[in-house]
Amino acid sequence: MSTECFPTEHLNGREIIEPSKQVMISIWMLANMEGYRQISDRFNVTYSSVHRCFMRTCTALQSLSAEKIKWPTGLSVGFVFALQIIEYNYHTFPHITKF
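Cut-offs applied
- Once a new chain begins, its residue numbering starts again from 1 and follows that chain's sequence as written.
- Per-residue local features are limited, in this predicted model, to residues with pLDDT of at least 70; the limit for side-chain atom pairs, both in listing and counting, is 80 or more; totals at the level of whole chains, interfaces and linings are taken over all residues.
- Think of the side-chain values as coming from all heavy atoms in the structure, minus any hydrogens and water.
- Values of pLDDT, ranging from 0 to 100, describe the predictor's confidence in every residue of the model.
- Helical segments are the DSSP runs of H or I of at least four residues, strand segments are the runs of E of at least two, and each set is numbered from the N terminus.
- Where helices are involved, their axes are fitted lines through C-alpha atoms of the stretch in contact, as for all axes, and angles between N-to-C directions lie from 0 to 180°.
- We call two directions roughly parallel when the angle between them is under 35 degrees, roughly antiparallel when it is over 145, roughly perpendicular when it lies between 65 and 115, and oblique otherwise.
- Two residues form a contact once any of their heavy atoms are found within 4.5 Å.
- In this count, Pro and Cys sit with the nonpolar residues alongside Ala, Val, Leu, Ile, Met, Phe, Trp and Tyr, while Asp, Glu, Lys and Arg are called charged and the others, Gly among them, polar.
- Within the patch definition used here, like charges are joined within 9 Å and nonpolar side chains (Val, Leu, Ile, Met, Phe, Trp, Tyr) within 5 Å, considering only residues with over 30% relative accessible area and no salt bridge.
- Method for areas: the Shrake-Rupley scheme with a 1.4 Å probe, in which residue coverage is limited to the protein chains shown.
- Here a salt bridge means any side-chain nitrogen of Lys or Arg lying within 4 Å of a carboxyl oxygen belonging to Asp or Glu.
- Only protein chains enter the accessibility calculation, which uses a 1.4 Å probe; a residue is then buried when its area is under 20% of its type maximum, exposed when over 50%, and partly exposed in between.
- Whether two aromatic rings pair depends on their centres lying within 6.5 Å, for rings of Phe, Tyr and Trp, where Trp uses its six-membered ring; planes under 30 degrees apart make the pair stacked, over 60 edge-to-face, and the rest tilted.
- To estimate the expected span of a helix, subtract one from its residue number and multiply by 1.5 Å.

Participant: Would you explain the confidence of the model for the protein chain in this entry?
Facilitator: Note: predicted coordinates in regions of low pLDDT should not be interpreted at a detailed level. The share of residues in the protein chain with pLDDT of 70 or more is 79%, and the mean pLDDT across the chain is 82. The lowest-confidence element of the protein chain is helix H4 (residues 75-90), averaging 71 in pLDDT; the highest-confidence one is helix H2 (residues 36-43), averaging 96.

See the structure below:
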């Protein structure tokens, strides 16, 4: 992940939170229904740091999205569509209609 969004030096006297820990905080925030207080206690950071970590991670992901997320083009469109049909048919019972 791009480290341009994550600071590498102390800001206003605060300790730097490692980028890997910031990503873990963000993943935990997305995966669980916990508030800032529970997350800050779990990762031993302040409430405001949880928010800052989450926003930095989202900014980093958004900046990478243009080069990492691509729509299928050409022959790959047919390949992806065929895989979806195979997956759909594999998980259905014979002679049963899905709604």
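The discussion continues.
Participant: I keep staring at the packing of helix H1 (residues 19-31) against helix H3 (residues 47-68) and nothing clicks. Help me out?
Facilitator: In a pair of packed helices, the angle between the axes and the distance between the axes together describe the arrangement. It is the contact of H1 with H3, at a shortest axis distance of 8 Å, that shows an interaxial angle of 95 degrees. Considering the angle they form, H1 stands roughly perpendicular to H3. Contacts between H1 and H3 involve Gln22, Val23, Ile25, Ser26, Met29 and Leu30 on the former and, on the latter, Val50, Cys53, Phe54, Arg56 and Thr57. The residue makeup of the contact of H1 with H3, split by class, is seven nonpolar, three polar and one charged.

Participant: What's the story with a nonpolar patch on the surface in this structure? I'm lost.
Facilitator: Among the surface-exposed residues, Phe79, Val80, Leu83 and Ile86 lie close enough to one another that they form a single nonpolar patch of about 390 Å² accessible area. Inspection of the secondary structure assignment puts Ile86 in helix H4.

Participant: In this structure, what is going on with the pattern of salt bridges? I would like to understand it.
Facilitator: Once their charged atoms are close, side chains differing in charge can pair, the charge on each being opposite to the other. As enumerated under the stated definition, the model contains two salt bridges in all. Ionic pairing is found between Arg42 and Glu34, a salt bridge with its closest N-O pair at 2.8 Å. Among the residues examined, Arg42 registers a relative accessible area of 46% and is labelled partly exposed. Residue Lys68 is joined to Glu67 by a salt bridge in which the shortest nitrogen-to-oxygen separation is 3.9 Å. For the pair formed by Lys68 and Glu67, the shared burial category is exposed.

Participant: What exactly am I supposed to notice about the packing of aromatic side chains here?
Facilitator: Between two aromatic rings, the relevant description is the distance of the centres plus the angle of the planes. A full pass over the atoms with the stated rule returns one aromatic pair. Look at Trp28 and Phe43: their rings are 6.4 Å apart centre to centre, the planes differ by 75 degrees, and that puts the pair in the edge-to-face class. Within this pair, whereas Trp28 is found in helix H1, its partner Phe43 is found in helix H2, the two being separated by 15 residues in sequence. A residue is classified by how much of its surface remains accessible, and Phe43, at 14% relative accessible area, is buried.

Participant: Sorry if this is basic, but what is going on with H3 here?
Facilitator: Given 3.6 residues per turn, any residue in an α-helix points the same way as the ones three and four places further on. Taking 1.5 Å per residue, 22 residues should reach 32 Å; H3 reaches 31 Å between its end C-alpha atoms and fits that length. Taken as a whole, H3 has its buried residues at Ser49, Val50, Cys53, Phe54, Arg56, Thr57, Ala60 and Leu64. Among the structural elements, H1 and H2 are those in contact with the buried residues of H3.

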